[in-house]
Amino acid sequence: VCLGGVMGSLEGWLGVRSMRTFELRITRQSETTTALVQWLATLQAGEGPKEDVAVVQKAVARVQHASLQKDDMHWLAKQMPGGYNPVFAIWMSSEKFARCLPSKLHLFHHATSLGGVESLIEWRRMSDDKIDPRVLRVSIGVENVEDLKRDFLEAFKAVLSDA
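Notes on the structure in this doc start here. Bear in mind that the values here come from a model prediction, so they are computed numbers and not experimental data.

1. Side note on the pairing of strand β2 (residues 87–92)
At step 1: Taken across its six residues, β2 has five buried, putting it largely inside the fold.
At step 2: Direction of pairing for strand β1 (residues 60–64) relative to β2: antiparallel, over a ladder of four bridges. The residue bridging V63 from the neighbouring strand is I90, located in β2.
At step 3: Of the pairings in the sheet, the one linking β2 to strand β5 (residues 135–139) comprises five bridges and is antiparallel in character. Across the sheet, F88 pairs through a bridge with V138, a residue of β5.

2. Focus on the packing of aromatic side chains
Each aromatic ring pair is specified by the distance between its two centres and by the angle formed by the two planes.
At step 1: Considering all chains together, one arrives at two aromatic pairs under this definition.
At step 2: Relative to F152, the ring of F108 lies with its centre 4.9 Å away and its plane at 55°, an arrangement referred to as tilted. With F108 in the loop between α5 (95–104) and β3 (109–110) and F152 in helix α6 (residues 145–162), this residue pair connects regions lying 44 residues apart in the sequence.
At step 3: Three or more aromatic residues link up through ring pairs in this structure, and these residues are F108, F152 and F156.
At step 4: The residue whose ring lies beneath R62 is W91, and the NZ or CZ to ring-centre distance is 4.1 Å.

3. Concerning the pairing of strand β4 (residues 120–123)
Both faces of the sheet carry side chains from a regular strand, because those side chains alternate between them.
At step 1: Going residue by residue along β4, you find L120 and E122 tucked away on one face and I121 and W123 tucked away on the opposite face as well.
At step 2: Examined bridge by bridge, β3 and β4 share two bridges and lie parallel to one another. Of the residues in β4, the one forming a bridge with H109 is L120.
At step 3: Inspection of the sheet shows β4 paired to β5 by four bridges, in the antiparallel sense.

4. Structural notes on the pattern of salt bridges
At step 1: In the structure shown here, the tally under the stated rule is eight salt bridges.
At step 2: Residue D162 is joined to K104 by a salt bridge in which the shortest nitrogen-to-oxygen separation is 2.6 Å. Of the two residues, D162 sits in helix α6 while K104 sits in helix α5, which places them 58 residues apart along the sequence.
At step 3: When its relative accessible area of 39% is taken as the criterion, D162 is described as partly exposed.
At step 4: Judged by relative accessible area, K104 falls into the partly exposed class, the value being 26%.
At step 5: Notably, a salt bridge pairs D147 with R150, separated by 2.6 Å at the nearest N-O pair.

Reading the values: rules and limits
- Residues numbered from 1 in each chain as written.
- Predicted model: local features only at pLDDT ≥ 70, side-chain atom pairs only at ≥ 80, totals over all residues.
- Heavy atoms only, no water.
- Buried < 20%, exposed > 50% of the residue type's maximum accessible area, 1.4 Å probe, protein only.
- Helix = DSSP H or I, 4+ residues; strand = E, 2+ residues; numbered from the N terminus.
- Pairing = 2+ DSSP bridges.
- Phe/Tyr/Trp six-rings, centres within 6.5 Å; stacked < 30°, edge-to-face > 60°.
- Lys NZ or Arg CZ within 6 Å of the ring centre and 35° of its normal.
- Salt bridge = Lys/Arg side-chain N within 4 Å of Asp/Glu carboxyl O.

Next comes the structure, spelled out in C-alpha cells:
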C-alpha cells in the first residue's frame, strides 16, 4: 500500500538542483540581511549621510532582527553559527507609511510567502488584524545589498512625499 503522492521527475530534479546551491543562497541572504538591517539601524541612530538619516528617522520607527539584539548574544551566536536569518521586521512611523511602502519598492514583491531567492515584503496587517498596523515583514533574497539599500531609500522618500 502506498500512502501519499509520488514526486514527479521534474519536481525531483528541481529539488536536487536547488540543494546544490542551497548553502550559497542561504549564506548570501544572511550576509545581505545583516548588512541591510545594520545600515538601517545605523541611520535610525543618526549616523551616516545627513539626508539618508533624516529620511529613515522620519519613515522608520524601529527595525527588529536577531543581529540587532543586545541581550543573550552569546546564546544566539551558538544557535546561529552560520549567520542570521533573512527575515526581519520594520515598524514604520505610521500605518499609512506601512501600507504604502510595499508598492513604492521596485526590487521587492509584496507577498506573504517568505524565503525565496527574491526579496519580499508583507504588510502584516493584511493577514493578521491583531498585529500592529505599522509592521512590515521583510525577507531578503539574493539581490545586491547596495541595490536593496537604494530601493529602500527611494521608497522611504516616496512615502514621505505622499504624506
